[in-house]
Amino acid sequence: MFAQELDLAPLERVLDEFKGQKGAIIPILQRAQEIYGYLPGEVLAAISKKAGIPISRLYGVATFYAQFRLTRRGRHLIKICDGTACHVRGAAKIVEGIESALNVPPGGSDPDFKYSVEIVYCLGSCGLAPIAVVDDKVYGQTDANNLVAHVKQLE
Ligand code: FES
């Protein structure tokens, strides 16, 4: 679920579940992110208040671990590799093609939050360059048109 108006009731239930448990910051943040898709400030503030954890500590944990996101992300994540092999074989064209077809800037999301694009540097499959990963599905030797066609089928 990606919240527009945040319903904090599901979060309250999670916090009740972990009530009084020490060292539960990570599982609480994981559950909160499952509910909201990311960790909005309002959610962190609610956790801080109800669980009695300083907000600075919550931000510290949320920014330390790569699994946590503080900004909203699209429903589908497109990772485009721009490591050396992929760069040489046209990664930049894929990035441009995706941006113009889906209105998603690199590192950002489209206005409807259908897609987000992340640029990564070497996915360890250089023989398949240029490569992109959409929601954990790998697209090797791909190009923008091919990727856009696949990605559009997801919605
Ligand atoms: S550079 Fe893209 S997979 Fe290695």
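Residues numbered from 1 in each chain as written. Predicted model: local features only at pLDDT ≥ 70, side-chain atom pairs only at ≥ 80, totals over all residues. Heavy atoms only, no water.

Caption draft 1: Main features of the sheet that holds strand 1 (residues 76–81). Spatial strand order, 2-1-3-4: 4 strands in an open sheet with mixed pairing. Lying at the two open borders of the sheet, with one neighbouring strand each, are strand 2 (115–120) and strand 4 (137–139). Along the sheet, successive strands turn relative to each other by an average axial angle of 20 degrees, direction set aside. Of the pairings in the sheet, the one linking strand 3 (residues 132–134) to strand 4 comprises 3 bridges and is antiparallel in character. Bridging across to strand 4, Val133 finds its partner in Val138. Packed on one face of the sheet, helix 6 (residues 91–102) meets strand 1 and strand 2 and runs near 155 degrees to strand 1. (Pairing = 2+ DSSP bridges. Helix = DSSP H or I, 4+ residues; strand = E, 2+ residues; numbered from the N terminus. Axes fitted to C-alpha atoms, helices over the stretch in contact; angles between N-to-C directions. Contact = heavy atoms within 4.5 Å.)

Caption draft 2: Highlighting the packing of aromatic side chains. According to the stated counting rule, one finds 2 aromatic pairs in the structure shown. Residues Phe64 and Tyr65 carry aromatic rings whose centres are separated by 5.0 Å and whose planes lie at 85 degrees to one another, so their mutual orientation is edge-to-face. The exposure class of Phe64 is exposed, given its relative accessible area of 66%. Measuring from ring centre to ring centre gives 6.4 Å for Tyr65 and Phe68, while their planes differ by 90 degrees; the resulting arrangement is edge-to-face. For Tyr65, a relative accessible area of 33% translates into the label partly exposed. With relative accessibility at 6%, the residue Phe68 sits in the buried group. An aromatic cluster is present here, built from Phe64, Tyr65 and Phe68 joined pairwise through their rings. (Phe/Tyr/Trp six-rings, centres within 6.5 Å; stacked < 30°, edge-to-face > 60°. Buried < 20%, exposed > 50% of the residue type's maximum accessible area, 1.4 Å probe, protein only.)

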